Amino acid sequence: MSFHEVQFPTTLSFGSVGGPQRRTEVVTLVNGFEERNTPWAHSRRSYDAGLAMRSVDDLGTLIAFFEARQGQLNGFRWKDWSDYKSCPVSQEVRFDDQVIGSGDGSNGLFQLTKTYVSGAQRYARPIHKPVAGTVRVGVDGAALVEGDDFTVNSETGEITLISSPAVGAEVTAGFEFDVPVRFDTDQIQTSVASFKAGDVPNVPIVEVRV
């Protein structure tokens, strides 16, 4: 799959509507009880960018971005304004926001993840598209320095520690991140007249696995 490491204009994604989607298979038994299962280990997000269009110039920017991606052909980065940090969006990123692993004395490669907690239940979401320059990392409560102590692959979300952490040492991270997405259509229909009258184009965006 071809992916362009470029972010959809944030001025156009702000105000869009969307969020996570799960796929659940529900079978109702003859006694009225249910069996529920899911083929998806991770949720998939979708959005409608059309609701964020505020001016005719915005439509021009959208069309240019759409053409450069060749419709559905190439993926790109999307900023989900409701969920783009390792911490609550109103707070500042810290190196100890998320636990991403523990040391075994030899491995120095760790995948960024964000864990969602509700009661006793937890869901760990892999983060593959961190925003360059925002990643903070720590080991056993001590902050590390990017370049000196660790490197970040902003295209995969992998962290490489220069020195492998000791056995049992907690590895933490904080970061901003984008969602890997593509257009979910090969056609954008716009009308300046209808847009000025209050109509907005339908611009479906869907998350892709990378």
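Not measured: the values here are computed from a predicted model.

Asks: Describe the overall build of the chain, listing the residues and the values that go with them.
Replies: Helices and strands together make up the secondary structure of the chain, namely three helices and 17 strands. Counting only C-alpha atoms, the chain reaches 65 × 60 × 35 Å along its principal axes. Across the 210 residues of the chain, 38% fall into the buried class. By sequence separation, contacts in the chain at least 24 residues apart represent 74% of the contacts at least 6 residues apart. Working note: accessible area of the chain is about 11400 Å², and carbon and sulfur atoms make up 49% of it. Of the charged side chains in the chain, 19 are positive and 27 negative, and the gap between their average positions amounts to 4 Å.

Asks: Just give me the short version of the pairing of strand S15 (residues 170-174), but keep the residues and values in it.
Replies: Along S15, four of the five residues are buried, which leaves the element largely enclosed by surrounding structure. Where strand S7 (residues 98-102) lies against S15, four bridges are found, and the strand directions are antiparallel. Bridge pairing links Val99 to Thr172 in S15. Here strand S11 (residues 136-139) runs beside S15; their pairing, made up of four bridges, is antiparallel. Pairing of Gly138 across the sheet is with Thr172, part of S15.

About the criteria used
- Residues numbered from 1 in each chain as written.
- Predicted model: local features only at pLDDT ≥ 70, side-chain atom pairs only at ≥ 80, totals over all residues.
- Heavy atoms only, no water.
- Helix = DSSP H or I, 4+ residues; strand = E, 2+ residues; numbered from the N terminus.
- Buried < 20%, exposed > 50% of the residue type's maximum accessible area, 1.4 Å probe, protein only.
- Contact = heavy atoms within 4.5 Å.
- Areas by Shrake-Rupley, 256 points an atom, 1.4 Å probe, with all protein chains shown as cover.
- Lys, Arg positive; Asp, Glu negative; His and termini not counted.
- Charge placed at Lys NZ, Arg CZ, Asp CG, Glu CD.
- Pairing = 2+ DSSP bridges.

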